[in-house]
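The residues making up each chain are set out below.
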Amino acid sequence: MLVTGAAGLVGNAVRVMLEQAGRDVIPVDRVAATEEGRPIVQCDVTEVHRLHAVVQGQRLAGVIHCGAFSGPMVARDNPPAMVAVNIVGTANVLELARLHAASRFVFCSSTSAYGVTELELVPEDVPLRPTTLYGASKVSGEHLVAAYRSQYGLDGVSLRLSWVYGPRRTTDCVIRDMITDALAGKPTRLAFGREFHRQFIHVEDAARALITAYEQPNLPRNTYNVTGGSYLTFSKIAETVRTVLPSADISIADGEDPVDDRQTRFDIAAVQRDLGFSPRISLADGIRSYADWLGKKSAGGGADNG
């Protein structure tokens with residue numbers, strides 16, 4: 001099977017879990033790399049001929065598509081790149097899957113597709129009103145997956161992941177900042193977020209959800225919400241960090257995140273019912289393991305890819 005974005009945060013976790021389970025994986029990313037001693041094949045999803053060359057002569061059982069710009073804070077000043085990678089790139093990978101008669105296509109979408117939400121509990125079927133190009137690109141990807149399913153019979157599904165945290169995250173992450181500051185004996189001073197809610201999910205839970213969707217025999221829905229089960233303000237997240245690292249010195253000002261939507265709690269009943277998936281890693285346990293990983297990374301003198 002093909003895993004795109006296999007050197008990234010979620011894609012790498014997906015690749016590792018599949019390989020540990022003995023699955024044959026074709027891992028690709030835009031830059032060649034070696035992760036855990038295993039090579040990642042260079043393949044940009046915008047390079048359609050390269051995509052076909054990578055899988056030529058191999059059986060393509062299915063695809064977990066994680067290769068994309070991974071948040072509203074990424075490529076903000078380069079809209080054409082966002083469109084090329086997240087929309088055209090997704091179309092390229094879908095067409096690859098169609099031509100190779102893949103049995104399942106799992107698309108790594110995002111709760112950014114919703115934009116601002118108002119309902120107390122948000123199901124998958126509310127209208128999508130993204131406020132960022134990133135969110136719009138995920139909506140576009142979902143529609144492409146659904147259209148390939150209805151028109152060509154490619155069995156596809158989109159999982160709307162909430163904010164993913166954990167080892168190897170390189171883009172903005174308030175949890176990582178709180179932990180790394182505490183480990184370094186530095187104060188954390190946030191200019192916003194005291195009462196701003198965010199729904200985090202640990203990278204291992206996110207990867208497990210994608211693999212569960214890939215392996216599920218029947219998928220009643222085209223889309224599923226997937227979160228870590230918590231709905232907390234930055235202040236409450238800081239309290240959780242302090243339970244793990246009592247020396248953490250964190251203060252948070254009022255105000256909303258300037259690059260994130262104000263969102264209410266997402267309903268994960270459908271993914272629990274249809275896929276039998278529930279998050280396993282509590283926020284406290286996730287922060288504890290993440291702090292351990294970051295501490296070892298710092299002690300080893302390596303670059304922080306957290």
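Everything below is about the structure shown above.
Criteria and thresholds
- Residues numbered from 1 in each chain as written.
- Predicted model: local features only at pLDDT ≥ 70, side-chain atom pairs only at ≥ 80, totals over all residues.
- Heavy atoms only, no water.
- Helix = DSSP H or I, 4+ residues; strand = E, 2+ residues; numbered from the N terminus.
- Rg over C-alpha atoms; globule rule 2.2 N^0.38 Å.
- Buried < 20%, exposed > 50% of the residue type's maximum accessible area, 1.4 Å probe, protein only.
- Contact = heavy atoms within 4.5 Å.
- Areas by Shrake-Rupley, 256 points an atom, 1.4 Å probe, with all protein chains shown as cover.
- 1 Å grid on protein atoms, 1.4 Å probe; cavity = no way out; pocket = protein on both sides within 12 Å on 5 of 7 lines; lining within 4 Å.
- Points joined across faces, edges and corners; volume = space filled by probe spheres on them.
- Nonpolar A, V, L, I, M, F, W, Y, C, P; charged D, E, K, R; others polar.
- Salt bridge = Lys/Arg side-chain N within 4 Å of Asp/Glu carboxyl O.
- Phe/Tyr/Trp six-rings, centres within 6.5 Å; stacked < 30°, edge-to-face > 60°.

### Some words on the overall build of the chain
Secondary structure summary: the chain contains nine helices and 16 strands in total. Against the compact-globule benchmark of 19 Å for 306 residues, the chain has a radius of gyration of 19 Å, which places it among compact chains. On the principal axes, the C-alpha backbone points of the chain span a range of 55 × 45 × 40 Å. Each of the 306 residues in the chain was classed as buried or not, and the buried ones make up 53%. Taking the intrachain contacts of the chain between residues at least 6 apart in sequence as the baseline, contacts between residues at least 24 apart amount to 77%. Carbon together with sulfur atoms contributes 49% to the accessible area of the chain, which is approximately 13,300 Å² in total.

### Observations concerning empty space enclosed by the protein
In total, this model carries one cavity of 30 Å³ or more according to the counting rule given. When its volume is computed, the largest cavity comes out at roughly 70 Å³. A breakdown of the residues in the lining of the largest cavity according to their chemical character gives two nonpolar, five polar and three charged.

### Some remarks on the pattern of salt bridges
Should the charged atoms of two oppositely charged side chains come close, the side chains can pair. Evaluation of the coordinates by the stated rule reveals 22 salt bridges. Here Glu118 and Arg262 are joined by a salt bridge, their closest N and O atoms 3.5 Å apart. Here Glu118, found in the loop between β6 (104-110) and β7 (121-122), pairs with Arg262, found in the loop between β15 (250-252) and β16 (265-266); they are 144 residues apart in sequence, far enough to count as distant. Of the residues examined, Arg262 reaches a relative accessible area of 37% and is grouped as partly exposed.

### Observations concerning the packing of aromatic side chains
Applying the stated criterion across every chain, the model contains six aromatic pairs. Here Tyr165 and Phe200 contribute two aromatic rings whose centre-to-centre distance is 5.8 Å and whose plane-to-plane angle is 85°, an arrangement assigned as edge-to-face. Here Tyr165 is found in strand β9 (residues 163-165), whereas its partner Phe200 is found in strand β12 (residues 200-202), with 35 residues between them in sequence. Considered together, Tyr165 and Phe200 belong to a single accessibility category, that of buried residues. With a centroid separation of 5.8 Å and 80° between ring planes, the pair formed by Phe196 and Phe234 is classed as edge-to-face. In this pair, Phe196 is assigned in the loop between β10 (188-190) and β11 (197-198) and Phe234 in helix α7 (residues 234-244), connecting sequence segments 38 residues apart. The pair Phe196 / Phe234 is uniform in exposure class, with both members buried.

### Section: the layout of surface pockets
Taken as a whole, the largest pocket encloses approximately 1,100 Å³ of empty space. Lining the largest pocket we find 44 residues, and of these Gly8, Leu9, Ala68, Phe69 and Ser70 sit closest to its centre. When residues in the lining of the largest pocket are grouped by element, the largest group, four residues, is from β6. Of the residues in the lining of the largest pocket, the class split is 20 nonpolar, 16 polar and eight charged. One number sums up the size of the second largest pocket: a volume of about 230 Å³. The wall of the second largest pocket is formed by 13 residues, among which Asn12, Ala13, Pro167, Val203 and Glu204 lie closest to the centre. Broken down by secondary-structure element, the contributors of at least two residues to the lining of the second largest pocket are α1 (9-20) and α6 (203-215). The element best represented in the lining of the second largest pocket is α1, accounting for six residues. Here the residues of the lining of the second largest pocket are counted per class, giving seven nonpolar, three polar and three charged.

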